[in-house]
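One letter stands for each residue in the lines below.
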Amino acid sequence: MANKTWNKSKTVMAVGWCGVCQKELLSDAGGWIVNAEKKHFCHDGRDGSCFDKYVIEQKNVAEDASYEGS
């Protein structure tokens, strides 16, 4: 009796778009982050990631708001 093997290809789905660079993020690609606000970001570790850029931007916005409120 011959062994039968099934060759099922994985389904690849788009999970969203990067909130910074607008790159499409795919379910099988990895290298992406979803934050508590349900925003998606690239995270490839090279030259800083879009998530890192977002965090720095949000920190600067918070500092500006606290400065204006003083």
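Structure first, text after, so check above.
Residues numbered from 1 in each chain as written. Predicted model: local features only at pLDDT ≥ 70, side-chain atom pairs only at ≥ 80, totals over all residues. Heavy atoms only, no water.

J.: Can you explain the layout of surface pockets? Please cite residues and give values.
T.: Approximately 200 Å³ is the volume attributed to the largest pocket. Of all the secondary structure elements, the ones that give two or more residues to the lining of the largest pocket are β2 (24-26) and α1 (50-68). Here the lining of the largest pocket is composed, by residue class, of six nonpolar, five polar and five charged. (1 Å grid on protein atoms, 1.4 Å probe; cavity = no way out; pocket = protein on both sides within 12 Å on 5 of 7 lines; lining within 4 Å. Points joined across faces, edges and corners; volume = space filled by probe spheres on them. Helix = DSSP H or I, 4+ residues; strand = E, 2+ residues; numbered from the N terminus. Nonpolar A, V, L, I, M, F, W, Y, C, P; charged D, E, K, R; others polar.)

J.: Can you tell me about the pattern of salt bridges, naming the residues and giving the values?
T.: For the structure shown, the criterion picks out one salt bridge. Glu-37 is the salt-bridge partner of Lys-39, the closest N and O atoms lying 3.7 Å from each other. With a relative accessible area of 48%, Glu-37 lands in the partly exposed category. (Salt bridge = Lys/Arg side-chain N within 4 Å of Asp/Glu carboxyl O. Buried < 20%, exposed > 50% of the residue type's maximum accessible area, 1.4 Å probe, protein only.)

J.: Could you give an account of the packing of aromatic side chains, with specific residues and numbers?
T.: Taken as a whole, this structure holds two aromatic pairs when the rule is applied. Centre to centre, the rings of Phe-41 and Phe-51 are 5.6 Å apart; their planes meet at 65 degrees, and the pair counts as edge-to-face. Taken together, the residues Phe-41 in strand β4 (residues 40-42) and Phe-51 in helix α1 connect sequence positions ten residues apart. With a relative accessible area of 1%, Phe-41 lands in the buried category. Residue class for Phe-51 comes out partly exposed when judged on its relative accessible area of 22%. Measuring from centroid to centroid gives 4.6 Å for Phe-41 and Tyr-54, while their planes differ by 35 degrees, and the two rings are tilted. With Phe-41 in strand β4 and Tyr-54 in helix α1, this residue pair connects regions lying 13 residues apart in the sequence. We classify Tyr-54 as buried; its relative accessible area is 12%. An aromatic cluster is defined as three or more aromatic residues linked by ring pairs; in this entry it consists of Phe-41, Phe-51 and Tyr-54. (Phe/Tyr/Trp six-rings, centres within 6.5 Å; stacked < 30°, edge-to-face > 60°.)

J.: Please set out the side chain of His-40 residue by residue, giving values where relevant.
T.: You can see His-40 is positioned in strand β4. Within the structure, the side chain of His-40 is placed 3.1 Å from the backbone oxygen of Val-15, a separation counted as a polar contact. If we ignore the near neighbours within four places in the chain, the residues touching His-40 are Val-15, Gly-16, Trp-17, Cys-18, Gly-19, Leu-25, Trp-32, Ile-33 and Val-34. (Polar contact = N/O pair within 3.5 Å; in protein donor to acceptor, adjacent residues only side chain to side chain. Contact = heavy atoms within 4.5 Å.)

J.: Can you tell me about the environment of Ala-29, naming the residues and giving the values?
T.: Position of Ala-29 among the secondary structure elements: in the loop between β2 and β3 (32-34). Along the backbone, Ala-29 and Val-12 are 17 residues apart, and their C-alpha atoms lie at a distance of 8.8 Å.

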